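Now for the letters of each chain:
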Amino acid sequence: MNFDFLQIVMVLGTLLCVLGVILCIRTAGTRFDQIEAGDKDVNLGVAHVPALAFAKLMAFASLIVLPAGAVFLANYHTFEGVHEVRGCAGCHVMLPMANDMKDPKSGTLAARHYKNRWIAENQCYHCHSDYGLSGNLEAKMTGFRHLARYTTRTYHEPIHARVRFDNQNCLNCHAGTPRFEAVQSHKTAHEKLVSNLMICLNCHGQAHPTSVQRTPGSDDYARLTEKLK
Amino acid sequence: MRLLRWEAFCAIMGFALTQVFILVPGPYPMALFTFIAQPLFALAAVGYLVKVITDLQRHRSL
């Protein structure tokens, strides 16, 4: 039986949250000053714990330990989930990119990578590993800003990337391969490519649908924003 | 320390929102977890720690 990380996180997270709620309800109903020294000890099987100490342990578990566990699991869920295409396509504004990528008739760079299976899985993440919640701290902060803007609907379509795409995302896979090295212009422009003075798209075409196509009301908008299959 | 009622209530709300995000991942549950559940957990932890420290100081343990 195969379990992926998502199922494990779901099961563990549910256990933690349910246990946390139960212990919190118990903690909320406890009057610590009314637990007497003479109250019956709590039998834990391996030891007898005084009632007051047990109540304090429960409070510590419900307010510190279990929330820390739940936060850890949910953050893990966040940062792993954003690696998947469906994680990106969860936001309506990203649907044009995901739908276009999966369209066999499309000639964009993303679609060519997808239909030729140059990237087997997590295609968005592979080319944008330095972006958003999957990137470094600064990129994660940008990701949180995007999340806040998306959920508060303080954005306008078509969206535009503020950050410049780092060629290193392409070079991570392509640099050094015989096909890449065989192209003279790659050698000529090597310094410019490495320093991002020239972008790969200058020669290799559009990566995703144009902003005109992604504008509400355009001929392609309805098709590009269909729910991801 | 007498009661930890509002701290427990904050944590319950945090657990509920976290549970929603874990079971139904999406931008809105993610935002609820990120911007509401986590601060609620932090608030509960701070409230708890303040009461514990106050309690220890009263009993001259600190």
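Here the structure is a predicted model, which is why all the values come from computation and not from measurement.

> Sorry, what's going on with helix α2 (residues 27-58) of chain B here?
Since the α-helix advances by 3.6 residues per turn, residues separated by three or four positions end up pointing in the same direction. Given a rise of 1.5 Å per residue, 32 residues ought to cover 46 Å, and the 46 Å separating the end C-alpha atoms of α2(B) matches this to within 8%. The principal kink in α2(B), of about 35°, is found at B:F33. The complete set of buried residues in α2(B) reads B:P29, B:M30, B:F33, B:T34, B:A37, B:L40, B:F41, B:A44 and B:Y48. Looking at the buried side of α2(B), the elements it contacts are α2 (51-81) and α7 (137-151) of chain A together with α1 (5-23) of chain B. Taken from the residues just after α2(B), B:R60 is the one with a positive phi, measuring 60°.

> Could you clarify how one ought to interpret the interface of chain B and chain A in this entry?
Quoted interface sizes are often the accessible area lost when the parts come together. In this assembly, 31 residues from chain B lie in contact with 31 residues from chain A. When residues of the side of chain B that touches chain A are traced back to their parent elements, those giving at least two are α1 and α2 of chain B. When residues of the side of chain B that touches chain A are assigned to their parent elements, the largest contribution, 13 residues, is made by α1(B).

> For this particular structure, what's the right way to read the nonpolar core?
Side chains of nonpolar character tend, in soluble globular proteins, to be buried together. If you look at the biggest cluster of nonpolar residues, it comprises 30 residues, and the most contacted ones within it are A:L63, A:A70, B:A11 and B:A44. At the level of secondary structure, the elements contributing two or more residues to this core comprise α1 (5-28), α2 and α7 of chain A together with α1 and α2 of chain B. Top contributing element to this core by residue count: α1(B), with 8 residues. By size, the runner-up hydrophobic cluster in this structure holds 12 residues, among which are A:M101, A:A111, A:Y114 and A:C127.

> Where do I start with the domain arrangement of chain A in this structure?
When cut into domains, chain A gives domain 1 (5-81) and domain 2 (88-224). For domain 1 of chain A versus domain 2 of chain A, the distance between C-alpha centres works out to 43 Å.

Quick notes on the rules
Residues numbered from 1 in each chain as written. Chains lettered and ligands numbered in written order. Predicted model: local features only at pLDDT ≥ 70, side-chain atom pairs only at ≥ 80, totals over all residues. Helix = DSSP H or I, 4+ residues; strand = E, 2+ residues; numbered from the N terminus. Expected span 1.5 Å × (residues − 1). Bend = angle between axes of the 7 residues up to and from the residue. Buried ≥ 20, exposed ≤ 12 C-beta atoms within 10 Å, placed from the backbone. Contact = placed C-beta atoms within 7 Å. Core = buried A, V, L, I, M, F, W, Y, C linked by C-beta atoms within 7 Å. Domains from an automatic or database assignment.

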